[in-house]
Amino acid sequence: ADMERLVERLEKAVERLENVCQGPGMCGDASAKGVAQYVQAFDALLAGPVAEYTKISREVGGDVQKHAEMVHAGLMSERALLVVASQHQQPAENAFSELLKPISEQIQAVQNFREKNRGSKLFNHLSAVSESIPALGWVAMAPKPGPYVKEMTDAAMFYTNRILKEYKDVDKKQVDWVKAYLSIWTELQAYIKEYHTTGLTWSKTGPVATAGAKAAPAPPAGLAPPPPGPPPPPAPVSSSSDDSASRSALFAQINRGEGITSGLRHVSDDMKTHKNPALKNQGGPVRSGPKPFTAPKPACNANPSPKAPPLLELEGKKWRVENQENATNLVISDTELKQVAYVFKCTNSTLQIKGKINSITLDNCKKLGLVFDDVVGIVEIINSRDVKVQVMGKVPTISINKTDGCHVYLSKSSLDCEIVSAKSSEMNVLIPTEGGDFTEFPVPEQFKTVWNGQKLVTTVTEIAG
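Residues numbered from 1 in each chain as written. Predicted model: local features only at pLDDT ≥ 70, side-chain atom pairs only at ≥ 80, totals over all residues. Heavy atoms only, no water.

Each helix and strand in the protein chain was counted, giving eight helices and 16 strands. Contacts in the protein chain between residues at least 24 apart in sequence constitute 44% of all its contacts with a sequence separation of at least 6. Counting only carbon and sulfur atoms, one obtains 54% of the accessible surface of the protein chain, whose full area is about 26700 Å². (Helix = DSSP H or I, 4+ residues; strand = E, 2+ residues; numbered from the N terminus. Contact = heavy atoms within 4.5 Å. Areas by Shrake-Rupley, 256 points an atom, 1.4 Å probe, with all protein chains shown as cover.)

Given below as structure tokens:
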């Protein structure tokens, strides 16, 4: 039922784009007459890297396949916009925003899917796609759409590198998936450089594109299911005749010049409150001027949605610890090597995990303390604040991403641990001393990059404090 609703929503989104065309056949497929060269070039991109990525994603299956269908749908929405641009002159800003809605909806759908599946065993794949999918928004970027796509592609590298590291010598299909996905954005950058260097290219001879134009809809061939939440409400539409009349009246008043004040009533001295203080207490309170702007308060919800219940349970091979607040004695003791722990939205709490476990993920946690014995895979800390992690045994890798404030206490047997960080601040690693205390070392946050004549060389910038 969910997939049917998603497909229906997608069909409506594509239909909105098709409706801007002027006349039958104007939004046809690539074999139709008069298709612009840059639309044909985009079709080559779809038939090449995109088709390869979709094929491998189907082979991987599961969440990756579903995500790929959403990405494909986003690219098809983008193709529909390219067809419109090739046959129409650039529209007004509000009409262009309406044309961009289907693409923005696809982007939101891809990112929502990742957020709803944080416990997926293919979470790195979902994250790589989710971090880079905003690249579809290049059509709204000027004058540098190509560098924008490059920036979004770089955002995926943190996760694609992790996939390569995990599967390099284990599963070649996963490695091929990374190469196929990244090649989409590489080819798209080359495509933009050739056809849309400074922004989306519009026709110079066709009619001006409008969101309300009608046309015979073309069959959306080969579209994949998916996406997003409901689109934002459309801007209020006012009658053009009313607007025209209002503007005419306004200009007529302005053109009267000094005569515009002839209809104003003269205010004598005895009517002025600053010269006649007695008037201040008559006729109600006197306004002292406009109030400063204050943000409108949200309307009170008579039936606020209840907080999600706290969880600490084993679901299959995954320990779920969620929505815990002010819980200082959380313990997971009956662990096995194949199990993972996923800790989500826990605040002002402490969690101890005993025994040896495969991996641990802290997600959206605040002021959380984690103590664990041994992890054979990775401890991942993402989107969190003020967390403290103590290793009692061994762990090969600790990843810190989009986190502000993280203290990692290592044990003597875990000093060879690799700590990988990105987009994070206030990170410190504490090393045990012979006396049983810890020595604190900050993790660098600032770097210096220079060109040495052959390549870029990056070094840590030491800041004297």
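The discussion continues.
This part takes up unusual backbone geometry. The peptide bond linking alanine 142 to proline 143 adopts the cis configuration, its omega dihedral lying at 5 degrees. Tracing the backbone through its elements, the reader meets proline 143 in the loop between helix 5 (123-132) and helix 6 (145-167). Despite not being glycine, asparagine 383 shows a phi value in the positive range, around 50 degrees. Assignment of secondary structure puts asparagine 383 in the loop between strand 8 (378-382) and strand 9 (385-391). Here glutamate 426, not a glycine, exhibits a phi torsion of approximately 55 degrees, which is positive. When you line up the elements, glutamate 426 lands in strand 13 (residues 425-432).

In this section: the nonpolar core. Core analysis: the biggest nonpolar cluster contains 56 residues, and Tyr53, Trp138, Trp177, Trp185, Leu188, Tyr191 and Leu200 have the highest contact counts within it. Taken together, the elements giving at least two residues each to this core come down to helix 2 (37-60), helix 3 (62-87), helix 4 (93-116), helix 5, helix 6 and helix 7 (172-195). What tryptophan 138 contacts, discounting residues up to four positions off in sequence, is Glu78, Leu82, Pro145, Tyr148, Val149, Leu188, Tyr191, Ile192, His196 and Leu200. Grouped together as the second largest cluster of nonpolar side chains are 33 residues, Ala341, Val375, Val379 and Val429 included. (Core = buried A, V, L, I, M, F, W, Y, C linked by side-chain atoms within 4.5 Å. Buried < 20%, exposed > 50% of the residue type's maximum accessible area, 1.4 Å probe, protein only.)

Empty space within the largest pocket amounts to approximately 910 Å³. Where the lining of the largest pocket is concerned, the elements lending two or more residues are helix 5, helix 6, strand 4 (340-344), strand 6 (359-363), strand 8 and strand 10 (397-401). A total of six residues in the lining of the largest pocket trace back to one element, the largest contributor, which is helix 6. For the lining of the largest pocket, a count of residues per class yields ten nonpolar, eleven polar and seven charged. When residues of the lining of the largest pocket are assigned to domains, at least three map to each of domain 1 (35-196) and domain 2 (311-460). (1 Å grid on protein atoms, 1.4 Å probe; cavity = no way out; pocket = protein on both sides within 12 Å on 5 of 7 lines; lining within 4 Å. Points joined across faces, edges and corners; volume = space filled by probe spheres on them. Nonpolar A, V, L, I, M, F, W, Y, C, P; charged D, E, K, R; others polar. Domains from an automatic or database assignment.)

With that settled, the discussion passes to the packing of aromatic side chains. Taken as a whole, this structure holds eleven aromatic pairs when the rule is applied. Taking 6.0 Å as the distance between ring centres and 85 degrees as the angle between the ring planes, the aromatic pair formed by tyrosine 181 and tryptophan 185 counts as edge-to-face. One end of the pair, tyrosine 181, and the other, tryptophan 185, are both in helix 7, four residues apart, so they sit about a helical turn from each other. Tryptophan 185 carries the same exposure label as tyrosine 181, and that label is buried. Taken together, the aromatic side chains of Phe42, Trp138, Tyr191 and Tyr195 make up a single cluster linked through ring pairs. (Phe/Tyr/Trp six-rings, centres within 6.5 Å; stacked < 30°, edge-to-face > 60°.)

Here we have seven strands laid out as an open sheet, ordered 3-5-7-9-11-13-14, and mixed in their pairing. Because the sheet does not close on itself, it has two edges, and the strands there are strand 3 (330-332) and strand 14 (438-442). Neighbour-to-neighbour, the strand axes of this sheet turn through a mean angle of 15 degrees, independent of strand direction. Judged from the five bridges that link them, strand 7 (residues 366-375) and strand 9 form a sheet pairing that is parallel. Of the residues in strand 9, the one forming a bridge with leucine 370 is valine 389. (Pairing = 2+ DSSP bridges. Axes fitted to C-alpha atoms, helices over the stretch in contact; angles between N-to-C directions.)

Considering all chains together, one arrives at zero disulfides under this definition. Lacking any disulfide linkage, cysteine 346 is separated from the closest cysteine sulfur, that of cysteine 365, by 4.9 Å. Classification of cysteine 346 by relative accessible area gives buried; the value is 0%. (Disulfide = S-S within 2.5 Å.)

Attention now goes to the packing of helix 2 against helix 3. When two helices pack together, you describe them by how their axes are tilted relative to each other and by the distance separating the axes. At a minimum axis separation of 9 Å, helix 2 and helix 3 run at an interaxial angle of 175 degrees. With respect to helix 3, the element helix 2 is oriented roughly antiparallel. Residue composition of the contact of helix 2 with helix 3, grouped by class: 15 nonpolar, seven polar and four charged. (Parallel < 35°, antiparallel > 145°, perpendicular 65-115°, else oblique.)

Right, let's get into the pairing of strand 6. Most of strand 6 is tucked away, with five of its five residues classed as buried. Side chains of strand 6 alternate between two faces, with Ser359, Thr361 and Asp363 and Ile360 and Leu362 buried alike. Looking at chain direction, strand 4 and strand 6 are connected through five bridges and run parallel. Looking across to strand 6, one finds that valine 340 is bridged to serine 359. Here strand 6 runs beside strand 8; their pairing, made up of four bridges, is parallel. Within the sheet, the bridge partner assigned to leucine 362 lies in strand 8 and is isoleucine 381.

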